[in-house]
Each structure stands twice: as structure tokens, then as C-alpha cells.
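Chain and residue survey
Given next are the chains, with one letter for each unit.
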Amino acid sequence: MSKITVTVPAQVAVLLRGALHMELIRACEDAPGAKPESVTRACWTPVLSRMGAAFRGLDLIGWDEPEEQQPVTIALDRTMIEALETDAEMLDWLSEQEKSESAEGRARAARRAATIERFLASLSERRAAATLMIPTAALPLIRECAYEGIPMVSEAIDRGVDPRECSRRLDAISDMLDAIDWSEDEQPTEDVDAAEHAGTVKEVAPAIMATLTTAVRELDDGDPEKPKNEDELRLLSELYAQARKVLGE
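Anyway, here's the lowdown on the structure attached to this text. (Residues numbered from 1 in each chain as written. Predicted model: local features only at pLDDT ≥ 70, side-chain atom pairs only at ≥ 80, totals over all residues. Heavy atoms only, no water.)

Quick word on helix 8 (residues 225-246)
At 3.6 residues per turn, the α-helix brings residues three or four places apart onto the same side. Just so we agree on the cut-off: The helix count covers DSSP runs of H or I at least four residues long, the strand count covers runs of E at least two residues long, and both are numbered beginning at the N terminus. Multiplying 1.5 Å by the helix residue count minus one yields the expected span of that helix. Note on classification: 1.4 Å probe, protein chains only; a residue is buried when its accessible area is under 20% of the maximum for its type, exposed when over 50%, partly exposed between these limits.
Over its 22 residues, helix 8 runs 32 Å from end to end, which matches the ideal 32 Å to within 8%, given 1.5 Å per residue. Looking at helix 8, one finds that the buried residues are Lys226, Asn229, Leu233, Leu235, Leu236, Leu239, Tyr240, Ala243 and Val246.

Re helix 2 (residues 41-61)
Taking 1.5 Å of rise per residue, 21 residues should cover 30 Å, and helix 2 covers 30 Å from first to last C-alpha, within 8% of that figure. Among the residues of helix 2, those classed as buried are Val47, Met51, Gly52, Ala53, Ala54, Gly57, Leu58 and Ile61. Gly62 sits one or two residues past helix 2 and shows a positive phi near 105 degrees.

A few points about the layout of surface pockets
What counts is decided by this rule: Put plainly, a pocket is an open set of points on a 1 Å grid over the protein atoms alone with protein on both sides within 12 Å along at least five of seven lines, a cavity is a set where a 1.4 Å probe fits but cannot get out, and a lining residue has an atom within 4 Å of a point. Grid points are joined across faces, edges and corners, and a volume is the space filled by probe spheres set on the points. Throughout, the ten residues Ala, Val, Leu, Ile, Met, Phe, Trp, Tyr, Cys and Pro are labelled nonpolar, Asp, Glu, Lys and Arg are labelled charged, and all others, Gly among them, are labelled polar.
Reported here for the largest pocket is a volume of approximately 580 Å³. As for the largest pocket, its lining consists of 31 residues, of which Thr5, Leu60, Ile74, Ala75 and Arg168 are closest to the centre. Counting residues per element, the ones that place at least two in the lining of the largest pocket are strand 1 (3-8), helix 2, strand 2 (72-77), helix 6 (163-180) and helix 7 (198-218). Per element, the largest residue contribution to the lining of the largest pocket is 7 residues, and it comes from helix 6. Each residue belonging to the lining of the largest pocket can be placed in one class, and the counts come to 9 nonpolar, 8 polar and 14 charged. Of the voids in this model, the second largest pocket is the one considered here, and its volume is about 220 Å³. Along its surface, the second largest pocket is lined by 14 residues, and Leu15, Leu91, Leu94, Ala109 and Arg112 are the ones closest to its centre. Those elements that place two or more of their residues in the lining of the second largest pocket are helix 1 (10-29), helix 3 (78-94) and helix 4 (103-129). Looking at the lining of the second largest pocket, the element that brings in the most residues is helix 4, giving 5 residues. Broken down by class, the residue content of the lining of the second largest pocket amounts to 8 nonpolar, 2 polar and 4 charged.

Topic: the packing of helix 7 against helix 8
For clarity, the cut-off: The axes are straight lines fitted to the C-alpha atoms, using for helices just the contacting stretch, and the angles between their N-to-C directions are given from 0 to 180°. Angular relationships are summarised with four words: roughly parallel below 35 degrees, roughly antiparallel beyond 145, roughly perpendicular across 65 to 115, and oblique for the angles in between. Left-handed is the label given to a crossing in which the near helix is rotated counterclockwise from the far helix by less than a right angle, and right-handed is the label when the rotation is clockwise. Note on contacts: a residue pair qualifies if any of its non-hydrogen atoms lie within 4.5 Å across the two residues.
Two elements in contact, helix 7 and helix 8, have axes whose closest approach is 9 Å; the angle formed by their N-to-C orientations is 155 degrees. In terms of axis orientation, helix 7 runs roughly antiparallel to helix 8. Between helix 7 and helix 8 lies a crossing of left-handed hand. Contacts between helix 7 and helix 8 involve Ala198, Val201, Lys202, Ala205, Pro206, Ile208, Met209, Leu212, Thr213, Ala215 and Val216 on the former and, on the latter, Lys226, Asn229, Glu230, Glu232, Leu233, Leu236, Ser237, Leu239, Tyr240, Ala243, Arg244 and Val246.

Remarks on the nonpolar core
What counts is decided by this rule: Take the buried residues of types Ala, Val, Leu, Ile, Met, Phe, Trp, Tyr and Cys, join any two whose side-chain atoms come within 4.5 Å, and each joined set is a nonpolar core.
Ranked by size, the top nonpolar core spans 33 residues in total, and within it Leu132, Ile134, Ile142, Leu236 and Leu239 carry the most contacts. Secondary structure elements with two or more residues in this core: helix 5 (139-158), helix 6, helix 7 and helix 8. Here this core takes 8 residues from helix 7, the largest share from any one element. Those residues within four positions of Leu132 in sequence are excluded, and the remaining contacts are Val192, Asp193, Ala194, Ala195, Ala198, Val201, Leu239, Gln242, Ala243 and Val246. Counting 31 residues, the second largest nonpolar core, distinct from the first, contains Ala54, Val72, Met80 and Ala113.

This is the structure in C-alpha cells:
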């Protein structure tokens with residue numbers, strides 16, 4: 001998977017934070033410790049990449065556990081999913097260690113593993129059922145929405161929105177533009193399944209929908225631009241509705 005925007009339950013958020021901290025430890029343990037590997041860029045690149053991905057995840061979920069954890073809506077990426085999977089495997093193993101773990105400790109590990117596994121299963125079910133197909137004819141329209149979303153992030157920064165949230169929005173827009181291509185020159189020749197970008201579509205589409213709604217209302221019936229704007233508004237409204245459905249709204 002690439003990214004999927006979900007609301008992570010409070011209990012899973014706590015476990016995800018711990019899983020990402022453990023991923024940092026594992027990455028450090030895998031760092032090259034002897035020459036010549038320890039002084040080569042090639043050996044450090046994968047380690048630093050893993051650490052950077054864990055840093056980004058902790059920036060989203062929060063590095064420190066609050067007094068009362070709340071559900072959080074974030075874009076889960078491969079690093080976060082794999083960290084949870086690794087922790088679930090370790091917890092499963094701990095739940096069976098009668099010689100080294102107390103009965104209470106084994107039961108706690110089993111509960112935590114089950115919590116992670118249920119959450120991961122819900123992601124699999126959701127991805128299997130969720131589709132957001134963007135027709136090739138609509139790619140320029142969605143691209144326009146994405147480009148309009150970039151200055152919206154700048155405005156959010158000026159309004160005092162958390163810089164980490166603004167960074168998340170920019171990353172999400174960039175990811176979607178990567179999927180549909182940044183220009184028409186090399187855009188996909190087939191419809192694009194953009195289910196993992198549903199949150200971004202939902203965020204950036206309303207501004208263009210509002211512009212098209214105004215144009216349709218103000219243009220004369222005989223204006224040749226009116227049918228085009230009507231078609232674009234209909235298409236974008238349908239994609240917006242599909243994106244909300246993918247997000248479970």
C-alpha cells in the first residue's frame with residue numbers, strides 16, 4: 001500500500017506510537033558498525049530512510065503519549081503498517097512464553113496483538129471494498145484541484161494551522177499528483193484508482209466545485225462554455241461523493 005487516510009482508534013494510536021519507537025530502535029540496531037560499511041553512503045541510506053519514515057509517523061501520531069489519548073485521523077503509510085505488523089508478531093510470540101512471561105503479561109500481550117490484528121483486518125477490508133476511479137477525461141480537472149490546493153495550504157499556515165498538519169496536506173497533494181502525473185504530457189492513459197487519495201480529493205475539490213457552480217449560474221444558456229462547465233461540475237461532484245464514500249462518510 002502507499003497511503004490510506006483513516007481515523008485510528010485511541011487504543012491503536014497508543015500501540016502505533018510504541019511500534020514506531022521500536023522501529024527506530026530496530027533501525028539503529030541495523031546501522032553499520034564496522035568499516036568499510038560504516039563510512040559508505042550505500043549502507044547508511046536504507047537505515048536513514050527507515051528512521052526518517054518513523055520520524056514522519058511519530059510527527060503525525062505524536063511523540064509523547066498524552067494523559068488521555070484521542071482517536072487521530074492520519075495518512076497511514078507502509079512504514080506504519082509494517083511497524084504494527086512487526087509488533088503484532090512480537091506480541092503473539094510473547095503471549096505464548098510461559099517460562100519468561102507471567103500469566104498477566106501473556107494475557108496483556110494477547111489483547112494488544114488482537115487489537116492490532118483487528119485494526120489491520122479492517123484496513124484490508126476497506127481497501128478491498130473502496131475504489132475511487134478517476135476517468136482519464138477527469139485527470140486534468142483533478143490536477144487543477146490539486147494545484148488549487150497548494151495555495152490553500154499556504155493560507156492555512158498564515159491562519160496559524162499546525163505546520164505539521166500543513167506538511168501532511170502538501171505531502172498528500174504531492175502523492176496524488178505523482179499518481180495522476182503533474183502535467184498532461186505524461187499522464188496515465190487508463191483510469192486511475194485513487195482510493196488511497198480520497199482524503200485529498202475531498203479536501204481540494206470543493207474550491208473548484210464552487211468556482212464551477214458560480215460559472216454555471218452566471219453564464220447565459222447560449223454561452224458555449226456553459227455545457228462544458230456543467231459537465232465538469234457534474235463529474236467533479238460525483239468524484240467528491242465517491243471520495244466521501246471511500247472515507248466512510
